[in-house]
Amino acid sequence: MNRNEMWVSLIEKAYLKVMGGYDFPGSNSNIDLHALTGWIPERVSIKLDSPDLNINSLFDRIFAGLQRGDCLITAATGNLGDVVAERAGLVPTHAYAVLDIRKIQNLKLLQVKNPWTHLRWKGNFSELDTENWTPELQKALNFDRKSAIQVDNGVFWIDWKSLLNFFDVLYINWNPKLFLNRYVLHSTWTSGKGPVRDAYNLGENPQYKLEVNVTSDKSPVVWILLSRHILDRDDFANNKEFITVHVYETSGQRVYYPDNCYIEGVKINSPHYLVKVNPDKSTNTFTLVISQYEKHNTIHYTLKVFSSAEFKLSPVPNPYVCHKEVTGEWKGITAGGCPNYPETHKNNPAYFCELEESASSKTLSVLVKVRGPRQYAVGFIMISLSSSGGHPVFKKSVDTYRSTKNRSETASGWEKWLRNIERQFRYFGITDPEMKKDGLIIYSGQIIADLEDTLLDATGEEAGEDAYAQLIIKPNKHFLPKKNKDFARFQFGNLKQKHGESLVRYYTRIRGIAKKCSFSNESEAIRDHLIKTMTNNVVYASKQYARIRRSTKF
């Protein structure tokens, strides 16, 4: 190490300057390394119960990447708890740099560094381990256990199995030059374009046609990275925008309905979302749909595609060059209801539409949008005037009439509605899971009934829950976006009491972030962080925390 080198400190200062100063709210190493290097950020959950985790394939991938110098790796712990953290020598919700990876003597070992340059792992292959460190292994890794005991520099060796048991996430940033074919585009999605929620209609979302040139039986590797532009410090700190990319197997045409998704993206509140596609000769043309959760703000974004095969990326054009808008009303006799009332349905407003033939195409595309008051379910039927055998040549109607006023249809509404019905269950003494399940379906309406019929059944630990709890899992997954727990925990760990900030206000701010962290014991995590970061002494902080808990209601 050359102590005269200043470039690291200068880069750190420049980055923090861009992020608003040294009190910036924190991020994760994926975000930071992408900002510093431009390398592709990949987040891999390494919890052993993760459904898509292949531990052998993952190890081989990062081993080869690090040996070639084509990736940067950090490993992050979760909320370990004080007892486990002390015994293991690890810092909870903390990121560690992976310096080296070795496969030697049937062992898989990683050399890891705590950026604090102190506090080291105490388990297998630590400097305290006298059983696993044979003279041959120490020589092969150029490691002197006795010297390591004397100086704690934060660097340690850990075996792959222990890493999987004590760490939650690997953040990997890949060299984009691994992909011979790359393309970048920048664009803006205005807040007024399209519905706030795209659960039923994707037609006005930004969409792109991706054509991959597959020339062999071997599937090329295609990575798609969506990055939302962070415009100011508050935007980064609050991080309320949830983004994703959906992939549809199409001929590159515009997608209007979210059904039959080839790869359904997960909306997360991270600036970056990565999706991987493995096309083949029969499946090589896709529509990429940018999606937000409850869109209220204009966002600026960058879409990057990296591929081992040649490809073309282009915006999906809008085929509708002519536009006409008519305002009408249902009133009196013209309020005829739906087709279930044939005697009055014919009195509903009707419009005549004549289409001119196109010289360039034998097929005409028509898009009909119907907007009405939120409290009413609306729809339409299109029927041709020409008929054959007494029946119209063409007839098209919407599949269902939906009312977006249903209180269980939005995330916030669903959560409030669920709390209310559970309050009623308690009041009336209803405890049987089957009765609670039936009550929820009956009183929440058709949407929850549809979710019960169509969404996948619970798996793993969820399958051990009772019938009511399993039903709750389905709408929770459907309505509520996935939050970046690791990012939230990093923010939580960097919270500090501001100058002049009252204890109650500081506690409120901590608790707001803690809600996003999925701590197993939220109160304990808040207390420990409050005591650790308060400007007053620990005894005073402990007493004040107890007082706040007694006197403050949230």
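Keep in mind that this is a model prediction, so the values were computed, not measured. (Residues numbered from 1 in each chain as written. Predicted model: local features only at pLDDT ≥ 70, side-chain atom pairs only at ≥ 80, totals over all residues. Heavy atoms only, no water.)

A. A look at the overall build of the chain. For the chain, the count of helices and strands is 17 helices and 18 strands. Looking at the chain as a whole, 40% of its 554 residues qualify as buried. The long-range fraction of contacts in the chain, counting pairs at least 24 apart against all pairs at least 6 apart in sequence, stands at 70%. Accessible surface computed for the chain: about 33,100 Å², of which carbon and sulfur atoms make up 51%. (Helix = DSSP H or I, 4+ residues; strand = E, 2+ residues; numbered from the N terminus. Buried < 20%, exposed > 50% of the residue type's maximum accessible area, 1.4 Å probe, protein only. Contact = heavy atoms within 4.5 Å. Areas by Shrake-Rupley, 256 points an atom, 1.4 Å probe, with all protein chains shown as cover.)

B. Layout of the side chain of Asn175. Tracing the backbone through its elements, the reader meets Asn175 in the loop between strand S6 (167–174) and strand S7 (181–189). Residue classification places Asn175 among the buried residues on the basis of a relative accessible area of 12%. Within the local environment of Asn175, its side chain forms a polar contact with the backbone nitrogen of Lys177, the two atoms lying 3.0 Å apart. Once you skip the residues sitting within four places of it in the chain, Asn175 turns out to touch Trp39 and Asp70. (Polar contact = N/O pair within 3.5 Å; in protein donor to acceptor, adjacent residues only side chain to side chain.)

C. Up close: helix H1 (residues 7–18). Helix length check: H1, at 12 residues, gives a terminal C-alpha distance of 17 Å against a target of 16 Å (1.5 Å per residue), a fit within 8%. Just downstream of H1 lies Gly20, where phi reads positive at about 105°. (Expected span 1.5 Å × (residues − 1).)

D. Expanded view of the environment of Phe394. Relative to the helices and strands, Phe394 resides in the loop between strand S17 (391–392) and strand S18 (395–397). For Phe394, a relative accessible area of 41% puts it in the partly exposed group. Placed 11 residues apart in sequence, Phe394 and Ile383 show a C-alpha to C-alpha distance of 5.8 Å. Apart from residues no more than four positions distant in its own chain, Phe394 is found in contact with Met382, Ile383 and Ser384.

E. Here's a closer look at the nonpolar core. Residues Ile73, Ile101, Leu110, Trp160, Leu163, Leu170 and Ile172 are the most contacted members of the largest nonpolar core, which totals 36 residues. The biggest single contributor to this core is helix H3 (residues 55–68), with 5 residues. Shared between two domains, this core holds at least three residues of each, these being domain 1 (6–174) and domain 2 (179–315). Those residues within four positions of Leu110 in sequence are excluded, and the remaining contacts are Phe59, Val98, Asp100, Ile101, Phe156, Trp157, Ile158, Asp159, Trp160 and Leu163. In terms of nonpolar packing, the next biggest core, distinct from the first, is built from 26 residues, Val245, Val275, Ala309 and Leu313 among them. (Core = buried A, V, L, I, M, F, W, Y, C linked by side-chain atoms within 4.5 Å. Domains from an automatic or database assignment.)

F. How the structure looks around the sheet that holds strand S14 (residues 311–315). The 4 strands lie next to each other as S10-S12-S8-S14, forming an open sheet whose pairing is antiparallel. Both outer strands of the open sheet, strand S10 (243–249) and S14, are each paired with one neighbouring strand and no more. Adjacent strand axes in the sheet meet at a mean angle of 25°, parallel and antiparallel pairs treated alike. Alignment of strand S8 (residues 207–212) against S14, held across 5 bridges, turns out to be antiparallel. Bridge pairing in S14 links Lys209 to Ser314. (Pairing = 2+ DSSP bridges. Axes fitted to C-alpha atoms, helices over the stretch in contact; angles between N-to-C directions.)

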